[in-house]
Amino acid sequence: GQHTRRRQYALRRRAQAAQAVPLASNALSLNEFNAIRATEAPQDFGGVDSETADGLWGSAIEFEYEVSNTAAELYPHTMCSSQPDMSGDERGAQMTFALESVRSISQSDWRTSDYLFHNTDSVSCGILMASAETVSAVYEWNGDDMEGIEVNPLLGSMKMVAQTVNVIQARMAGTEFGAASVSAASGGADAPGGTLPASQLGLRLVLCPGTEGSGEEIVAGLRGGTSDVGGVVAKSFYSSRAAEDAPITERMDFWTSSIDAVAGMTADDGSNYCVDTLLAEGGMSYRVSLGDDAVDVFSRLSPSDLELGIAAGNFTLDQYNDCMWYAVYALSLDPRVCSVEPEARVTTVCDDGSLDLLGLGCGGGPMSHLTARESNLVDETLYYALSLNEWNAVRSTESPQDFGGLGGEETDDLWTDAARFEYQIAMNHSDDKSSSSAAYHPYVVCSLREGLSGAERERDVVSLFNSTPGVEAGDDYQAARYGLMHNTDRMSCLVMRAYNDTIWRVFEGNPESASYMTVNPVHPSMKMVAQTVNVVRARFAGNDPGDAVSISSGLDAQATSSAGGRIKVHTLGLRALLCPGVADFGGEDVTGGVIEGQVWDFVAEGGGRNV
C-alpha cells in the first residue's frame, strides 16, 4: 500500500545518506524566517504547539541537508547575516568572503545571488546555491567568524509565497478567478447577462541563481522532476514523516495525501494518467523567460476539457485536483526553483461562447470579444511573448513611454493586455478581410536558440513555420526579405506577417520551440522609433523645423523671415516602412497608389477607430 511504499523510500533515503548533516543549529528558526519572508512555511508547520513546530522545523532542515548531500546538483539556501553596525553591502561582502576563504572548496561548489532579497538594519539575506558538504565546510573553516551568519536550506514551503495554497484552492472552487482559458462556453451561466468567469491554474517559478541550460533543457528538467513520483516521495520530508508514523501537521498531511493519490494512479504497466497526460505537454504548458529567470507554468485544460475528461471516465475531479496539488508541491522541491507564485488574470465567458477580454461587457460590439476557441489560442500564445524590458533591449521605440509611469506590475499587466488586444485585432481582421493584405498581422519573432548564428536562427524559424502541417509560406505567413531586425549572440529577431491562428499552430506543432522562440504582435508604440513624439511636438511648437522648405508666398516682406518675399515653413512628415508581403501581396507587385489608397481607407474610413 501507500504506507509501505513511503516507508521503502524513507529507508532508501537513510541508506543513501551516511548520517544527517548537523547544521540545523546554524539555521534561522521558524519565527526568524517568518520575519524575513512571507511564505507558506507558517501554514505547513502550524496548527501545533510551538515546541512541536520547532522540532519539525529542525528535522525538516536536517532532512533537506541529507537530500542535498546525495544530489549531484547544488541546492538553494538562504544565507543571512545579522552582524550589527553593517550595511547590506558590507554584510553581503562578509558572507561572500566566508565562502571564498575556504580552501577545501572551489568557486564551482557554490553560487550566490547578485542581490539581497531581504535587507534591514538588523539582517540582510541572499540566496546561496551549495551542497550540505559545502555549507559544513564553510562553518568548520570560519569558526567563530560565522557568528551571526545563518544558513537555511530552502524547503518547499519556504519557496511558496504566502497565500499560494489559498489562491489555488479558491481557483479550483471557482470563487477567485485568475488566468482564464476556455475552449467552449459553459451553458446555463448564472451570472448577470449570461456571463460566466473561467479560471486556469497557473504558477510563476523564479529560477535560482546560476540555473544552467537552455530554456528547452530547463523545461525538460522540470517536467522530468514532476514525472518521477518516486523521486518526489524520496525528496519529501512530509512523506518520510508519514512513513515513520511520526507526528505531522494538518497541512503536511494535505500534501502527502496528494502525493499518495498520484502514486496510487500508477497502473500495473507503469503508466500514470496524472504525470503522463495531465502534466505532460498536452496538459501543462511551460514558458521560460530567461531574461527574467522565470518559468510560467499553466494547465492547458479548460473547464469544458475537465467536464469532458470526467464524463469520459478518464479521471475524477478529486484525481485532477490531487494531480495539480502534486505538481505544485513537486515543483517546489526542484532545486532549480527558488520561488513559487500563483499567476492571475481575469476573463469572462459570454453566453454566446465568446470571451470579454477587453472588459467592454458581453455584446460590446464585434471588436469587444472573441469566440471561445479564439480566446483560448490568444491566451496560450501570450506565453510566448517578450516582456516589455526584453523588447526594450531589442529596439529603441516609444514603448517605454506609452507603458511607463506606472508601477512595475501594473506596467507588465498593461503590456500583456496590449498584446492580448493585438491578437484579437489579428483574428478579427481575418474575419473581416479574409482575402486582403490587411488580414495578415505583423509580428516580431525572436530566437534565443544557443550555438547558432543569426542567419542560422533565421533559417531555423522559417523552417519551423514551413514544417508545421497546414502552414504554407505566402498563404499563412510572409517573412521579411531584408533579414534580421535585431541580432546579437543571445537573440536574433525578424519581422513576419501571419494570418489568423498561424502563430498558435506553429507553437502547437513544435512544442519544443516554446523554450527558445518568442513572438510578439506588433502594436503602434513598437513601430514608432524612440523620440517620435518629442520630435513631432517640437515641430508643432516650431522649436525644430526638421527638413524646412523655402516657399514663395503672397506675404509682404515684413511678414517673411527672409528677404525676397520667401518664408521657410516646416511640414509634419513620417516615413513608414511597409511590413513584409504588403508590396507583393498575392505574389504580385502592388503599386504605390494602391497601397496609398488602402492606408487612406484605413485611417479615414473608420478602421482606425477600432485599433
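Look a little higher up for the structure.
From a predicted model like this one, the values you see are computed outputs, not experimental measurements. Counting restarts for each chain: residues are numbered from 1 in the order of the written sequence. pLDDT decides what is reported in this predicted model: residues at 70 or higher carry local features, side-chain atom pairs at 80 or more are listed and counted, and totals for whole chains, interfaces and linings draw on all residues regardless. Excluded from the side-chain calculations are hydrogens and water; all other atoms, namely the structure's heavy atoms, are used.

As for the overall build of the protein
Now for step 1: For the protein, the count of helices and strands is 25 helices and 20 strands.
Now for step 2: Type-normalised accessible area, obtained with a 1.4 Å probe on protein chains alone, sets the label of each residue: buried when under 20%, exposed when over 50%, and partly exposed for intermediate values. Across the 611 residues that make up the protein, the buried fraction comes to 49%.
Now for step 3: For this analysis, residues touch if any pair of their heavy atoms sits within 4.5 Å. Look at the contacts in the protein between residues 6 or more apart in sequence, and 72% of them connect residues 24 or more apart.
Now for step 4: Note on areas: Shrake-Rupley, 1.4 Å probe, and residue coverage restricted to the protein chains presented here. Carbon and sulfur atoms make up 49% of the accessible area of the protein, which amounts to about 28400 Å² in all. Each helix is a run of H or I in the DSSP string that is no shorter than four residues. Each strand is a run of E no shorter than two, and both are numbered from the N terminus.

Section: the packing of helix H12 (residues 250-263) against helix H15 (residues 317-333)
Now for step 1: Axes, fitted as lines to C-alpha atoms, cover a helix only where it is in contact. Angles between the N-to-C directions of the axes lie from 0 to 180 degrees. One can describe the packing of H12 onto H15 by two numbers: an axis separation of 8 Å at closest approach and a directional angle of 115 degrees. In this view, H12 runs roughly perpendicular relative to H15, as classed from their interaxial angle. Two packed elements cross with a definite hand, and for H12 against H15 that hand is left-handed. Contact residues: Phe254, Trp255, Ser258, Ile259, Ala261 and Val262 in H12; Asp322, Cys323, Trp325, Tyr326, Val328 and Tyr329 in H15. Angular relationships are summarised with four words: roughly parallel below 35 degrees, roughly antiparallel beyond 145, roughly perpendicular across 65 to 115, and oblique for the angles in between. The crossing is said to be left-handed when, going from far helix to near helix, the turn is anticlockwise and less than a right angle, and right-handed when the turn is clockwise.

Some points on H12
Now for step 1: By this rule, a helix spans an expected 1.5 Å times one less than how many residues it contains. With 14 residues, H12 should cover 20 Å at 1.5 Å per step; its first-to-last C-alpha distance of 20 Å lies within 8% of that length.
Now for step 2: Taken as a whole, H12 has its buried residues at Arg251, Met252, Trp255, Thr256, Ser258, Ile259, Asp260, Val262 and Ala263.

Focus on a nonpolar patch on the surface
Now for step 1: By definition, no residue in a patch forms a salt bridge, and every one has over 30% relative accessible area; like charges are joined within 9 Å, nonpolar side chains (Val, Leu, Ile, Met, Phe, Trp, Tyr) within 5 Å. What counts as a salt bridge is simple: a side-chain nitrogen of Lys or Arg found within 4 Å of a carboxyl oxygen of Asp or Glu. Together, Val599, Phe602 and Val603 line one region of the surface with nonpolar side chains, adding up to about 260 Å² of accessible area.
Now for step 2: Within the secondary structure, Val599 is located in helix H24 (residues 592-604).
Now for step 3: According to the relative accessible area criterion, Val599 is partly exposed, its value standing at 46%.

Topic: the sheet that holds strand S9 (residues 294-299)
Now for step 1: Here the rule is simple: two strands pair whenever DSSP picks up at least two bridges between them. Pairing in this open sheet of 4 strands is antiparallel, and the strands run S8-S9-S7-S10 from one edge to the other. Among the strands making up the open sheet, the edge pair consists of strand S8 (284-289) and strand S10 (337-342). For this sheet, the mean angle separating the axes of adjacent strands, direction not counted, is 20 degrees.
Now for step 2: Across 5 bridges, the pairing between strand S7 (residues 202-207) and S10 is antiparallel. Residue pairing in the sheet places Arg204 in a bridge with Glu341 of S10.
Now for step 3: On the sheet, helix H8 (residues 164-173) packs against S7 and S10 and is oriented at approximately 40 degrees with respect to S10.

Here we look at helix H9 (residues 215-227)
Now for step 1: Taking 1.5 Å of rise per residue, 13 residues should cover 18 Å, and H9 covers 18 Å from first to last C-alpha, within 8% of that figure.
Now for step 2: Of all the residues in H9, the buried ones are Gly215, Ile218, Val219, Gly221, Leu222, Arg223 and Thr226.
Now for step 3: Its buried side turned inward, H9 meets S7, helix H13 (273-278), S8, S9, H15 and S10.

Some points on the state of the cysteines
Now for step 1: By definition, disulfides here are pairs of cysteine sulfur atoms that lie within 2.5 Å. Taken as a whole, this structure holds 4 disulfides when the rule is applied.
Now for step 2: Here Cys274 engages in a disulfide with Cys323; their sulfurs sit 2.0 Å apart. Disulfide Cys274-Cys323: torsion about the S-S bond near 85 degrees, hence right-handed. Of the two residues, Cys274 sits in helix H13 while Cys323 sits in helix H15, which places them 49 residues apart along the sequence.
Now for step 3: Each sulfur of the disulfide joining Cys446 and Cys493 lies 2.1 Å from the other. Measuring the twist about the S-S bond at about 110 degrees, one finds the Cys446-Cys493 disulfide to be right-handed. With Cys446 in strand S14 (residues 440-447) and Cys493 in strand S17 (residues 492-499), this pair connects stretches of sequence that are 47 residues apart. Residue Cys446 shares its accessibility class with Cys493, and that shared class is buried.

Digging into a negative patch on the surface
Now for step 1: A positive count includes Lys and Arg, and a negative count includes Asp and Glu. His and the chain ends are not counted in either. Charge positions are represented by NZ for Lys, CZ for Arg, CG for Asp and CD for Glu. On the surface, Glu216, Glu217, Glu281, Glu450 and Glu512 cluster together to form a negatively charged patch.
Now for step 2: Assignment of secondary structure puts Glu216 in helix H9.

Re the side chain of Asn510
Now for step 1: Mapping Asn510 onto the fold places it in the loop between helix H21 (502-509) and strand S18 (517-521).
Now for step 2: Exposure remark for Asn510: the relative accessible area of 8% places this residue in the buried category.
Now for step 3: Polar contact criterion, stated in full: a pair of N or O atoms within 3.5 Å, where within protein one must be able to donate a hydrogen and the other to accept it, and residues adjacent in sequence count only if both atoms are side-chain atoms. Only 2.9 Å separates the side chain of Asn510 from the side chain of Thr468, close enough to count as a polar contact.
Now for step 4: Within the structure, the side chain of Asn510 is placed 2.9 Å from the backbone oxygen of Val506, a separation counted as a polar contact.

A few points about the packing of aromatic side chains
Now for step 1: When two rings of Phe, Tyr or Trp (its six-membered ring) have centres within 6.5 Å they constitute a pair, described as stacked for plane angles under 30 degrees, edge-to-face for angles over 60, and tilted for the intermediate range. A full pass over the atoms with the stated rule returns 14 aromatic pairs.
Now for step 2: Ring centres of Phe33 and Trp57 lie 6.2 Å apart, and the angle between their planes is 35 degrees; this geometry places the pair in the tilted category. Of this pair, Phe33 sits in helix H2 (residues 30-34) while Trp57 sits in helix H4 (residues 50-69), and the two are 24 residues apart along the sequence.
Now for step 3: On the basis of relative accessibility, which here comes to 1%, the residue Phe33 falls in the buried class.
Now for step 4: On the basis of an interplanar angle of 65 degrees and a centroid distance of 6.1 Å, the ring pair of Phe237 and Tyr238 is categorised as edge-to-face.
Now for step 5: Residue Tyr238 is classed as buried on the basis of its relative accessible area of 4%.
Now for step 6: Taken together through their ring pairs, the aromatic side chains of Phe33, Phe45, Trp57, Phe63, Phe237, Tyr238, Phe254, Trp255, Trp325 and Tyr329 make up a single cluster.

Looking at the packing of H8 against H15
Now for step 1: Where H8 meets H15, the closest approach of the two axes is 12 Å, and the angle between their N-to-C directions is 155 degrees. Accordingly, the angle class assigned to the pair H8 and H15 is roughly antiparallel. Our pair here, H8 against H15, has a crossing hand that is right-handed. Of the residues in H15, those in contact with Val165, Ile168, Gln169 and Met172 of H8 are Asn321, Met324, Trp325 and Val328.

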